[in-house]
Amino acid sequence: MAKPLIQEFTKGIVKENPVLCLVLGTCPTLAVSTSASNAIGMGVAATAVLVCSNAVISLLRRVIPDKVRIPAFITIIAGFVSIVQMLVQAYAPDIDKSLGIYLPLIVVNCIILGRAEMFASKNSVLPSILDGLGMGVGFTAALLLMGCIRELLGSGTLFGMPITSGFMPPIIIFILPPGGFFVFGMLIALASKLSGQQKKPEEIGCAACPLAASCSKLAGNCEKEAK
């Protein structure tokens, strides 16, 4: 029982990372990953909404009518986003100002709505919570990695502290949209390469066919009859 639960948590971090493997949530990923602090703020907020909405949707999965499930999911998600936004505004106003419109837009984040539709609405509460937590951690990790790279190369700082000011000037393009797309593409390529090394190459042609031996015998018999 424990092993499947662990797998539900870990799949979103590496194997099914929502950003680098499933390529979901690219809009907030590219927009807020200009600094590491913004990336952590967005990641933590999205993770909190993911976990809470998954839990509630899983609890209500037998109560919500199938015809209105999507509006119901969005309403539940919007409620938790409002709570998270008010908490951020109260205790981290700088993060709220930096994230801007992308914080309330968590409501329509395809990662959260996708997990609600594909997993939470079909599974019990504990696996749904672990699924949301794993996806949130994977989303936060991808955002943080992008944020660190872009802030370090584009501003010469990390979490606002100067790092490369003494030996390398900032490369401004990395904190602009083209730099974001470049880093995003490189990370996706790296993730695809690492995941591809774990898979055996697929065999194609007659060698992969379980009836290859019988076919070769049949072909040999046909050749003898022709002669």
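Each remark here, short or long, concerns the structure printed above.
These figures come from a predicted structure and were not determined experimentally.

On to the overall build of the protein. Secondary structure summary: the protein contains 9 helices and 2 strands in total. Taken from the N to the C terminus, the helices and strands of the protein come in the order α-α-α-α-α-α-α-β-β-α-α. Counting all 227 residues of the protein, 36% fall into the buried class. At a minimum sequence separation of 6, the contacts of the protein that also span at least 24 residues come to 73%. For the protein, the computed accessible surface area is about 13200 Å², with 70% contributed by carbon and sulfur atoms.

A word on the nonpolar core. Among the nonpolar cores identified, the biggest contains 31 residues, and Leu20, Met42, Val49, Ile106, Phe139 and Phe184 are the most heavily contacted of them. Elements that contribute at least two residues to this core include exactly α2 (26-32), α3 (36-59), α4 (69-91), α6 (110-118), α7 (125-155) and α8 (177-196). Of all the elements, α3 adds the most residues to this core, at 6 residues. For Phe184, the contacting residues outside a window of four places in its chain are Val19, Leu20, Val23, Thr26, Thr29, Leu30 and Met146. Ala72, Ile76, Ala116 and Ala120 belong to the second-largest nonpolar core, a separate cluster that totals 7 residues.

Conventions adopted
- Residues numbered from 1 in each chain as written.
- Predicted model: local features only at pLDDT ≥ 70, side-chain atom pairs only at ≥ 80, totals over all residues.
- Heavy atoms only, no water.
- Helix = DSSP H or I, 4+ residues; strand = E, 2+ residues; numbered from the N terminus.
- Buried < 20%, exposed > 50% of the residue type's maximum accessible area, 1.4 Å probe, protein only.
- Contact = heavy atoms within 4.5 Å.
- Areas by Shrake-Rupley, 256 points an atom, 1.4 Å probe, with all protein chains shown as cover.
- Core = buried A, V, L, I, M, F, W, Y, C linked by side-chain atoms within 4.5 Å.

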